[in-house]
Amino acid sequence: MKIWLKRIGIVCSIPVFLLLFVSILIYIPPVQRFVVSQATKYASQATGMQIEVDKIRLTFPLNIAVSGIEVINPPSDTILTMRSFTLGIRPLPLLKREVHIDLLDIQGVTTNTGDLISGLSIKGSLERFFLVADRIDLSDEIVNLSNVRLSKSDLTLRVSDAESDEDTTSTPTNWVINLAKVAVDDATVRVQMPDDSIHVKAHLGVMELNGGEVDLGRMSYAANQLALSNSIINYDSGEAKPAEGLDFNHIELTDLAFQLDSLHYCDRNIRVLFNSFSVSERSGLAITSLQGAIHSNNETIRLNNLMLTTHASQFDLKGVIPWSAFDKSPTGEMNVNAILRMGKEDLMIASGLTNSDLARSFPESPILLNAQVEGNLASLHLRNMVGELPGVVRLNADGNMSSITDSLHRSARVRLDMKTGQWSAIRDMLPLNIRDQFALPDDFRVKAIATLDKNIFNTQMEVTDGIGRLNLDARFDPTLYAYRLQLNADSINPALYMPKDSLTGLTALLTLEGKGIDPFDDKTWSRLDAT
């Protein structure tokens, strides 16, 4: 009986000894080289590519180091090279369906997919990617990353309009990724769309993220702090050269730096606190500061004292905007107040007129604008809008608009009152060759009311200069292309506006009306009466 028990024990122990023997074998370098050669041979046959590995080393318990990786698409297109790949995993947590990564270190990567992917070409390099994962729970789909670092990468994506037959249907995922610390330095991404002549480039000098969370199931993103410095963003559309001043087809942002605190985004739940922000643009415009906060929940957006400043200007924005204000049948009402103080320097830089006669003669006083908007898509009100260039012109306006999204029942009414200042200030802003040919009285004033009712536009305007008066009454129906304009001039003195002209007082009544704009259509007609 003892003999049989001994024999049974020996037989049962054979698989255990074989497993231990094989486990020991895989740590022997010659065996590792043989296993790698067979694995790469199988992978090459399965993918149709030539896969080569220079060296591999496995150390106890599960630490693997691979160097000299190369993937070639026959006959000679090198798709991927990697100088080294290092991975260290704790074995025991695997029994609980958890992965603990002590180290993932990838260095010296280059890639060039060429025409391998339909409609997309990827070319670039990566010096180093480093990652430490405290815990990856495969059952609960939770990833805890304590340290992630990306250094010296340069990636170019070339996108074309080629059609792809691949199934792009995605499988829902509920992974939650917790990021204790993420650091990126000297990373560049270029996106080229040659079919649309669009080129975008983003360079991250230094980026740091602390306390981040990405919930892919809820599409939620959050971070305790996100900081960026020494960064660049370029956008170019079209092949034309950039125009002087601010050209929205050629945007070049440099020295981009910001710090955002308490960052959160999930559908309508948005939270961001602007601690600092600065950036310079190719034209010469530069934002020196952006402070304030944006808070949003499922009911309301709150703009809490946002203040943007440049070297010469300042823009303040605050308000409360209910999401229901944009519903098809809106209930909530927004209340937004904006104050702009635009300096001469920024205005001239943005318009590309820095070295013009206008820049030299333009008043040094800043342009002031204050506006308040209340209401919703059913009824929107512009209250007490005031615009002023001190000593030159002052503008007051208010108005309202109803049924904004209904093209058939949309209506609006806007009132405008403008008064000019001293003519000498305005005269100095005109080109030198016409300064002596035109003039404006010091008390020149324009009052106007414009309305929209059932898709019909009406305008009544009165212009006075202290002596004469000019009244305009206009109506236009874009559905029928029907129009009517009446101009009534009473005691207008043209010499006040054209000093070198010999015209005297003007009193006249001009009426123009008609229908249609096609001169070859029999139904088109027009009539002009003048007295």
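Residues numbered from 1 in each chain as written. Predicted model: local features only at pLDDT ≥ 70, side-chain atom pairs only at ≥ 80, totals over all residues. Heavy atoms only, no water.

A. Region of interest: the overall build of the protein chain. Secondary structure summary: the protein chain contains five helices and 25 strands in total. Within the protein chain, buried positions represent 30% of all 531 residues. Of all intrachain contacts in the protein chain linking residues separated by at least 6 positions in sequence, the fraction that spans at least 24 positions is 45%. Surface exposure of the protein chain reaches about 32,200 Å², of which carbon and sulfur atoms provide 59%. (Helix = DSSP H or I, 4+ residues; strand = E, 2+ residues; numbered from the N terminus. Buried < 20%, exposed > 50% of the residue type's maximum accessible area, 1.4 Å probe, protein only. Contact = heavy atoms within 4.5 Å. Areas by Shrake-Rupley, 256 points an atom, 1.4 Å probe, with all protein chains shown as cover.)

B. The arrangement of the confidence of the model for the protein chain in detail. The pLDDT averaged across the protein chain works out to 86; a share of 90% of its residues lies at or above 70. Overall, residues 4-23 carries pLDDT values under 50, and its contacts beyond four positions in sequence, including any with other chains, amount to zero contacts. (pLDDT = per-residue confidence, 0-100.)

C. Structural context of helix 3 (residues 344-351). Turning to helix 3, its buried residues are Lys344, Asp346, Met348 and Ile349. The inward-facing, buried residues of helix 3 abut strand 13 (300-310), strand 15 (334-342) and helix 4 (357-361). Following helix 3 by one or two positions, glycine 352 has its phi on the positive side, about 75°.

D. The arrangement of the side chain of threonine 156 in detail. Positionally, threonine 156 belongs in strand 6 (residues 142-159). Residue contacts for threonine 156: discarding those within four places in its chain leaves Ser121, Ile122, Lys123, Arg190 and Gln192.

E. Geometry of the pattern of salt bridges. Counting across every chain of the model gives 16 salt bridges. Across the pair arginine 149 and aspartate 185 runs a salt bridge, and its minimum N-O distance is 3.7 Å. Here arginine 149, found in strand 6, pairs with aspartate 185, found in strand 7 (residues 176-193); they are 36 residues apart in sequence, far enough to count as distant. The salt bridge partner of arginine 469 is glutamate 462, with a shortest N-O separation of 2.5 Å. Among the residues examined, arginine 469 registers a relative accessible area of 36% and is labelled partly exposed. Judged by relative accessible area, which is 25%, glutamate 462 ranks as partly exposed. If you follow the salt bridges from partner to partner, you end up with Glu98, Arg135 and Asp137 in one network. (Salt bridge = Lys/Arg side-chain N within 4 Å of Asp/Glu carboxyl O.)

F. Region of the structure containing the nonpolar core. By size, the foremost hydrophobic cluster in this structure holds 42 residues, and its most contacted members are Ile101, Leu131, Leu145 and Val182. With five residues, the single largest contributor to this core is strand 4 (residues 98-112). (Core = buried A, V, L, I, M, F, W, Y, C linked by side-chain atoms within 4.5 Å.)

G. Here's a closer look at unusual backbone geometry. A positive phi angle, near 55°, is found at aspartate 186, a position not held by glycine. As for its position among the elements, aspartate 186 is in strand 7. A positive phi angle, near 70°, is found at asparagine 455, a position not held by glycine. Mapped onto the elements of the fold, asparagine 455 is located in the loop between strand 20 (445-453) and strand 21 (456-464).

H. Representation of the packing of aromatic side chains within the structure. Within the structure shown, the criterion is met by two aromatic pairs. Here tyrosine 221 and tyrosine 265 contribute two aromatic rings whose centre-to-centre distance is 6.4 Å and whose plane-to-plane angle is 20°, an arrangement assigned as stacked. Here tyrosine 221, found in strand 9 (residues 220-237), pairs with tyrosine 265, found in strand 10 (residues 250-266); they are 44 residues apart in sequence, far enough to count as distant. The exposure class of tyrosine 265 is partly exposed, given its relative accessible area of 43%. Between the aromatic rings of phenylalanine 258 and phenylalanine 277, the centroid separation amounts to 6.1 Å while the plane-to-plane angle is 10°, which identifies the pairing as stacked. Taken as a pair, phenylalanine 258 in strand 10 and phenylalanine 277 in strand 11 (residues 269-281) lie far apart in primary sequence, 19 residues in all. (Phe/Tyr/Trp six-rings, centres within 6.5 Å; stacked < 30°, edge-to-face > 60°.)

I. View of the environment of leucine 126. Within the secondary structure layout, leucine 126 lies in strand 5 (residues 120-137). In this structure, the C-alpha to C-alpha distance between leucine 126 and isoleucine 106, residues 20 residues apart in sequence, is 8.6 Å. Beyond its immediate chain neighbours, meaning those up to four positions away, leucine 126 contacts Gln107, Gly108, Val109, Leu150, Ser151, Lys152 and Ser153.

J. Structural detail: the pairing of strand 23 (residues 482-492). In this sheet, strand 23 lies alongside strand 22 (residues 469-477) in antiparallel orientation, the contact comprising nine bridges. Pairing of asparagine 471 across the sheet is with asparagine 488, part of strand 23. Here strand 22 folds back onto strand 23, and the loop between the two strands holds four residues, one of which, tyrosine 481, carries a positive phi near 55°. (Pairing = 2+ DSSP bridges.)

K. Region of interest: the environment of proline 93. Turning to its location among the elements, proline 93 is positioned in the loop between strand 3 (77-89) and strand 4. By relative accessible area, proline 93 is classed as buried at 13%. Taking C-alpha positions, proline 93 is 9.0 Å from arginine 135, a pair spaced 42 residues apart along the chain. Proline 93 has contacts with Glu98 and His100, leaving out every residue within four places of it along the chain.

L. Focus on the pairing of strand 14 (residues 314-322). Here eight bridges tie strand 13 to strand 14, and the two strands are oriented antiparallel to one another. Within strand 14, the position partnered with arginine 302 by the bridge is valine 320. Hairpin connection between strand 13 and strand 14: a loop of three residues separates the two successive antiparallel strands. Inspection of the sheet shows strand 14 paired to strand 15 by seven bridges, in the antiparallel sense. If you follow lysine 318 over to strand 15, its bridge partner there is asparagine 337.

M. Up close: the environment of aspartate 442. Mapped onto the fold, aspartate 442 is located in the loop between helix 5 (423-427) and strand 20. Residue classification places aspartate 442 among the partly exposed positions, given a relative accessible area of 40%. Counting along the chain gives 50 residues from aspartate 442 to valine 392, while the straight-line C-alpha distance between them is 9.6 Å.

N. View of a nonpolar patch on the surface. Together, Phe457, Phe476, Tyr481 and Ile517 make up an exposed nonpolar region whose accessible area comes to about 400 Å². Along the chain, the position of phenylalanine 476 falls in strand 22. With a relative accessible area of 32%, phenylalanine 476 lands in the partly exposed category. (Patch = residues over 30% accessible without salt bridge, like charges linked within 9 Å, V, L, I, M, F, W, Y side chains within 5 Å.)

O. Examining the side chain of asparagine 234 more closely. Looking at the element boundaries, asparagine 234 is found in strand 9. In contact with asparagine 234, not counting residues within four places along its chain, are His199, Val200, Lys201, Ile251, Glu252 and Leu253.

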